Amino acid sequence: MIELSDVSKTFRGTDAPAVGRLSLNVGVGETVVLVGPSGCGKTTTLKMINRLIEPTSGTIVIDGQSVTDVPAHELRRSIGYVIQQIGLFPHRTIRQNIATVPGLLGWEKWRVADRIDELADLVDINPDMLDRYPSELSGGERQRIGVARALAADPPVLLMDEPFGAVDPIVRARLQEGLLSLQERLHKTIVLVTHDIDEAILLGDRVAILNVGGHLEQYDTPAEILRSPASPFVADFLGTDRGIKRLSLIPIRDIELEHGPVVSADAGSEEIEQVMAASGVDWIAVGSDGQLDGWVPREDVRAAGSLTGVALRPFETTLDISDSLKEALDAVVSSHTSVAAVFEEGRYLGMLSIDTISEEIVQ
Amino acid sequence: MIEFFAEVADWFTDPSNWQGIDGIPNRMWEHVQMTALSTGFAALIAIPPAIILAHRRIGGVLVVAGVNIARAVPSFAIVAIALPITIRLGLGLGFWPTFLALLFLAVPPMFSNTYAGITGVDPALVESARGMGLTERQTMTRIEVPVALPVIIAGLRIATVQVIATATLGALVAWGGLGRYIIDGFATQDIPEVFAGGILVALLAITAELAFNIFERAVTPAGQRYEERIGTAR
Amino acid sequence: MTLIAQAASGWFRWDWITNNADAIWDRTLEHVYLTALAVGIGLIISLVLSVVSLKWRPTYQPITWVTGILYTIPSLALFAFLVPVTGLSVLTAEIGLVSYTLLILIRNIVTGIDAVPADVLESAAGMGYTQGRRFWDIELPIAVPVIITGIRIATVTVIGLVTVTSLIGLGGLGFFILRGLQNFSSPIGTTQIFIGTILSVVLAVAADVSLAGIQRWLTPWANRGVAE
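What you are looking at is a predicted structure, and each value in this text was computed from that prediction instead of being measured.

## Thoughts on the overall build of chain C
Within chain C, the secondary structure is distributed over 10 helices and zero strands. Going from the N terminus to the C terminus, chain C shows its helices and strands as α-α-α-α-α-α-α-α-α-α. Over its C-alpha atoms chain C spans a radius of gyration of 22 Å, topping by over 25% the 17 Å that the globule rule assigns to 228 residues. For chain C, the spread of C-alpha atoms along the three principal axes comes to 75 × 50 × 25 Å. By residue count, 52% of the 228 residues in chain C fall in the buried class.

Shown next, in the form of structure tokens:
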């Protein structure tokens, strides 16, 4: 969908190029994240796609057409653009802000009104926000309006420059989730710039790791990059918790769960000892098919001789099958039992221990 | 046109225009003296209270309102009203109505600029000064006033130029100064004199403005330039 | 009651006001006319010069310099320069009055446009606004509050200066102030000075308040509270 070929940019007055001969392809409906340290040219590259910055050399082609074929302002009306500070027009209502590009393109009033209703639904905007002014909205609300405004004319391509950088972490997480679910419905081609590797891993179908001067160090899916970084620079950039980052990409759904040391409430002490020894743990879980009632430490069982009348302890942290292995690891590490119990809509499915989890990374 | 400028030149080269009460040196001196007196006293009246009130953050709303009202009164009117007042007070014509009018005129810009300058000092500076143990007075004299100085001087500049301008109207209340040439010239239809008077007044005003500008720049610490957002009052 | 009336008549002559109501009204109209003309023309010239300054930055300094000098020259002196050329006429008065508005208006227009946030400009460009359209649709409307503040200051200033034009045969309400000075010893004179002054102030305050109201009407967005 978007092809960058040998694109370079050297700013006037400097010797070293901000971006030096970068080639990159973005597929239709793909979310590509450009990430790297400051000075790596990620924002410069993004801005060359919609010609806010003109390349010194090289070509950029969108959907088969070179970006220089049409006047810059026309090009930009077909590309959605979201920046960190958003830049909502303070003198226009939210409704008027969103309607900007459709207005520039000359849409009829009824079409614009319909579109705004659609967008309000899509991006989860409260309808009575529409007639307010930007100064009356909170940061998170403004960000969502910025995205709605960029999508107003239904452009195939969306460019985003650190779009979630200016809000606090809680709002940011919500916005990231919002973007992911939006993409599931819309399948836009998105190029997003961020300095946050975690955000890149979360949002990107493919991630381009750039070094200073626009040098492309690695361009692959997040899982691949985490599994085998192409250079020491990439490994460094990914951080020392690379393994744990990988875990966040693997849903529990994808791996085989252990049955775990579970016995029914009427089990005999011999069976209990066998199961505990087989799993190598010093506690026993009590439950039946699809149900987990709790666990009992070995001392309590031995003292009582059986499970009758023994107080059951609940599993404090339970996981859903849609959670990632990273959450599982957190649960395992912080529980008494050193396992995580996995459920799907209340039905007990199995357990994860530290061994099962680390097997996934080592593969 | 050319003859007209020749007549103006003649007026300037006429020796009789350089002597006596109505001579250029005397009228210039009168004008400068009156300006200095009125702005000097205005500064004494306006600046210290402004510093103190601004430091204590009292009366901000009143200051803004007061300045707006003062700006709405034409300076011509102030000079004119001064006359019946000074007559009733037995102070007569000439010097007193002019002086009092100019005094009244100069106080608002000086007060408002000083107030704005002091309140515009970075609160962090004031807080750290207090934190270091400076007394309130020391904070004012060693921190707030020096930092606000360019703005205060700007207020002096605005007031002075305004006074120089309005002092020209003093001729209407039987005072002297450079305005004499313009007013008398109109009265006697001696237009070259009117023009010459205009040149002298304009030169004085521009000189004062430039001098103050240089002074302002000199007291502005390097790297700090205060942009006047509010239009200069006239 | 009669005592106060008698004392007051030493200062004030109400009958003079009622007798001359027509003249007072005429002069008020003249005052408004001279002011509106000056501010209107000044605004047009200032807009043009502001656009020039904004497009070619190096011109801002010289433009500020020239309008600054015009502003510094005392009004009486400026009229003194103009009279030999344009006589005792409305033209003379208007040239002088317009000159005083230029510095204030140009500075406020340029400052107002400069104050438009960078992210607003960038997002406008990114959405496909041409530079020209962006100026009219985005930058200018956002700068309106600052520009109207400039217009307010210019208007009040001009209302004051119109009184000085009484010396070249016009004056609006300044006509009465000048007459009053010429009759300074009589209560009629005092009355004239007072009426000229008070009505000038009323005019200035009315203009200021009206313009403030217009600004609030034009920019509902500038008065709304901030959410965070």
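Having seen the model, we can carry on.
## Regarding the environment of Val61(A)
All names here are of chain A. Its location among the elements puts Val61 in strand E4 (residues 57-62). Taking the C-alpha atoms as reference points, Val61 and Asn25, 36 residues apart in sequence, are found 9.6 Å from one another. Residues in contact with Val61, not counting those within four places in the same chain, are Met1, Ile2, Glu3 and Ser66.

## Description of the arrangement of the chains
Ranking by contact count across two pairs of chains in contact places chains B and C at the top. The smallest C-alpha distance separating chain A from chain B is 21 Å, and no contact links them.

## Thoughts on the pattern of salt bridges
According to the stated counting rule, one finds 26 salt bridges over all chains in the structure shown. It is possible to trace a salt-bridge network through shared partners that takes in Arg115(A), Glu118(A), Asp154(A) and Lys188(A).

## Looking at the packing of helix H3 (residues 21-55) of chain C against helix H9 (residues 174-182) of chain C
Residues and elements named next belong to chain C. Packing of H3 against H9 leaves a shortest axis separation of 9 Å and a crossing angle of 125 degrees. Classified by the angle between their axes, H3 and H9 sit oblique to one another. Along the contact surface, H3 presents Ala23, Ile24, Arg27 and His31, while H9 presents Gly174, Phe175 and Phe176. Looking at side-chain class alone, the contact of H3 with H9 contains four nonpolar, two polar and one charged residues.

## Here's the deal with the interface of chain C and chain B
Each partner contributes residues to the interface: chain C has 43 residues there, and chain B has 40 residues. Between chain C and chain B, roughly 3,600 Å² of surface is buried when both sides are summed, and carbon and sulfur atoms account for 78% of that area. When the buried surface of chain C facing chain B is broken down by residue, Thr72(C), Leu76(C) and Leu181(C) rank first, second and third, together holding 16% of it. The interface formed by chain C and chain B holds zero salt bridges in total. For the interface between chain C and chain B, the tally reads zero residue pairs in polar contact (both at pLDDT 80 or more).

## Notes on the nonpolar core
With 120 residues, the main nonpolar core has Phe76(B), Met110(B), Leu172(B), Leu167(C) and Leu181(C) as its most contacted residues. Broken down by element, the residue count for this core peaks at 12 residues, all from helix H8 (residues 131-162) of chain C. Filtering out sequence-adjacent residues up to four positions away, Phe76(B) remains in contact with Leu169(B), Leu172(B), Thr163(C), Val164(C), Ser166(C), Gly174(C), Ile177(C), Leu178(C) and Leu181(C). Within the second largest apolar cluster, 60 residues are counted, among which are Ala153(A), Met160(A), Val167(A) and Ile197(A).

## Observations concerning the sheet that holds strand E9 (residues 206-211) of chain A
Residues and elements named next belong to chain A. Spatially, six strands are ordered E6-E7-E8-E3-E9-E10 in an open sheet, and the strand pairing comes out mixed. Edge positions in the sheet fall to strand E6 (79-83) and strand E10 (215-220), since each of these pairs with one other strand and no more. Taken pair by pair, the neighbouring strands of this sheet meet at an average axis angle of 15 degrees, ignoring direction. Examined bridge by bridge, strand E7 (residues 157-161) and strand E8 (residues 189-194) share five bridges and lie parallel to one another. The residue bridging Leu158 from the neighbouring strand is Ile190, located in E8. Of the strands in this sheet, E6 and E7 touch helix H6 (residues 139-151), which is tilted by about 165 degrees from E6.

## A short note on the sheet that holds strand E1 (residues 2-9) of chain A
Residue and element names in this part refer to chain A. In space, the four strands of this open sheet follow the order E2-E1-E4-E5, with antiparallel pairing throughout. What marks the edges here is a single partner per strand, and that holds for strand E2 (19-26) and strand E5 (65-66). Pairing between E1 and E4: five bridges, direction antiparallel. Bridge pairing in E4 places Ser5 opposite Thr59.

## Focus on the confidence of the model for chain C
Of all residues in chain C, 93% have pLDDT values of 70 or greater, and the mean over the chain is 88. Reported confidence for the predicted complex is 0.82 by ipTM and 0.79 by pTM.

## Notes on a negative patch on the surface
Residues and elements named next belong to chain B. Together, Glu3, Glu7, Asp10 and Asp14 give the surface a local cluster of negative charge. Among the structural elements, Glu7 can be located in helix H1 (residues 2-13). A relative accessible area of 41% places Glu7 in the partly exposed class.

## Brief notes about the interface of chain A and chain C
Chain A puts 28 residues into the contact, and the matching count from chain C is 23 residues. Here chain A meets chain C over a buried area of about 2,300 Å², counting both sides, of which 61% is carbon and sulfur. Linking chain A to chain C there are two salt bridges. In this structure, Asp137(C) and Arg92(A) form a salt bridge, with 4.0 Å as the shortest nitrogen-oxygen distance. Across the contact surface, chain A and chain C share nine residue pairs in polar contact (both at pLDDT 80 or more). If you list the elements that add at least two residues to the side of chain A that touches chain C, you get helix H2 (72-76), E6, helix H4 (100-105) and H6 of chain A. Grouping the constituent residues of the side of chain A that touches chain C by class yields 12 nonpolar, nine polar and seven charged.

Conventions and cut-offs
- Residues numbered from 1 in each chain as written.
- Chains lettered and ligands numbered in written order.
- Predicted model: local features only at pLDDT ≥ 70, side-chain atom pairs only at ≥ 80, totals over all residues.
- Heavy atoms only, no water.
- Helix = DSSP H or I, 4+ residues; strand = E, 2+ residues; numbered from the N terminus.
- Rg over C-alpha atoms; globule rule 2.2 N^0.38 Å.
- Buried < 20%, exposed > 50% of the residue type's maximum accessible area, 1.4 Å probe, protein only.
- Contact = heavy atoms within 4.5 Å.
- Salt bridge = Lys/Arg side-chain N within 4 Å of Asp/Glu carboxyl O.
- Axes fitted to C-alpha atoms, helices over the stretch in contact; angles between N-to-C directions.
- Parallel < 35°, antiparallel > 145°, perpendicular 65-115°, else oblique.
- Nonpolar A, V, L, I, M, F, W, Y, C, P; charged D, E, K, R; others polar.
- Buried area = accessible area lost by both parts, 1.4 Å probe.
- Polar contact = N/O pair within 3.5 Å; in protein donor to acceptor, adjacent residues only side chain to side chain.
- Core = buried A, V, L, I, M, F, W, Y, C linked by side-chain atoms within 4.5 Å.
- Pairing = 2+ DSSP bridges.
- pLDDT = per-residue confidence, 0-100.
- Patch = residues over 30% accessible without salt bridge, like charges linked within 9 Å, V, L, I, M, F, W, Y side chains within 5 Å.
- Areas by Shrake-Rupley, 256 points an atom, 1.4 Å probe, with all protein chains shown as cover.
- Lys, Arg positive; Asp, Glu negative; His and termini not counted.
- Charge placed at Lys NZ, Arg CZ, Asp CG, Glu CD.

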